Amino acid sequence: MARYEQQLQSAGLGKGERPCWVQPDGTIEFLFDVVLGTDGIRMRENVYPSRNKERKDLPMPSTNPLETITQSEFVTRTLPLYESSLAANCRFFVTVYDGTGPEEKERYKSLLRTVEGHFYKRLSRDSAPF
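The shown structure was predicted, so the numbers you read here are calculated from the model rather than taken from an experiment.

(A) Examining the state of the cysteines more closely. A complete count under the given rule lists one disulfide for this structure. Residue pairing for C20: its cysteine sulfur links by disulfide to C90, the two sulfurs lying 2.0 Å apart. Between C20 and C90 the sulfur-sulfur dihedral comes to about 90°; the bridge is accordingly right-handed. Here the residue C20 occupies a position in the loop between strand 1 (18-19) and strand 2 (30-37), and C90 occupies one in strand 4 (residues 90-91), the gap between them amounting to 70 residues. Residue C20 shares its accessibility class with C90, and that shared class is buried.

(B) Geometry of helix 3 (residues 71-87). With 17 residues, helix 3 should reach 24 Å at 1.5 Å per residue; the first-to-last C-alpha distance of 23 Å fits that figure. Along helix 3, the largest kink reaches about 45° and is centred on L79; proline P80 follows within four residues of it. When helix 3 is considered as a whole, its buried residues turn out to be F74, R77, T78, L81, Y82 and S85. The elements touched by buried residues of helix 3 are strand 2, strand 3 (40-45), strand 4 and helix 4 (105-116). Among the residues trailing helix 3, N89 stands out with phi positive, at a value near 55°.

(C) A look at the sheet that holds strand 2. Pairing is mixed in the open sheet, where four strands are placed in the order 3-2-5-6. One side of each edge strand has no neighbouring strand; the edge strands of this open sheet are strand 3 and strand 6 (120-123). Direction aside, neighbouring strands of the sheet carry axes that sit 30° apart on average. Seen against the sheet, helix 3 touches strand 2 and strand 3 and runs at an angle of roughly 35° to strand 3.

(D) Spatial organisation of the packing of aromatic side chains. The full count for this structure, using the stated rule, is six aromatic pairs. For the ring pair F93 and Y120, a centre distance of 5.3 Å and an interplane angle of 85° mean the geometry is edge-to-face. Of this pair, F93 sits in strand 5 (residues 93-99) while Y120 sits in strand 6, placing them 27 residues apart in sequence. Overall, F93 belongs to the buried group, its relative accessible area being 8%. The partly exposed category is assigned to Y120, whose relative accessible area is 26%. An aromatic cluster of three or more residues is present, and its members are W21, Y48 and F92.

Cut-off values and rules
- Residues numbered from 1 in each chain as written.
- Predicted model: local features only at pLDDT ≥ 70, side-chain atom pairs only at ≥ 80, totals over all residues.
- Heavy atoms only, no water.
- Disulfide = S-S within 2.5 Å.
- Helix = DSSP H or I, 4+ residues; strand = E, 2+ residues; numbered from the N terminus.
- Buried < 20%, exposed > 50% of the residue type's maximum accessible area, 1.4 Å probe, protein only.
- Expected span 1.5 Å × (residues − 1).
- Bend = angle between axes of the 7 residues up to and from the residue.
- Contact = heavy atoms within 4.5 Å.
- Pairing = 2+ DSSP bridges.
- Axes fitted to C-alpha atoms, helices over the stretch in contact; angles between N-to-C directions.
- Phe/Tyr/Trp six-rings, centres within 6.5 Å; stacked < 30°, edge-to-face > 60°.

Keep in mind that these numbers describe shape and distance, not what the molecule does.
Laid out in structure tokens, this is it:
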């Protein structure tokens, strides 16, 4: 945890909430891959076998990587998980991929703000994996 807090401070982000899922070496486990696209948001859960019991105790949103959902649907689906992270004084992390076109950066920013409302994020430079 100390390593994570130091990273946040070094990045000028203050302390923030601790990550909900962290490996013993301090590596953050990212709960979802999220693609921000022209038509909305797609999500894919990352599976960590060592977290099966914890996962069953969480109000996990339904996800289908082939389904594109609206911003309001994203907020509705992820709200119970976000509230559970608030209760635990932590935040789940997601990896975000840009699936918008070069002329859609305002759309991208709007979608990104929606995701940031419930999760901490890592921005990927890679193409959307799904």
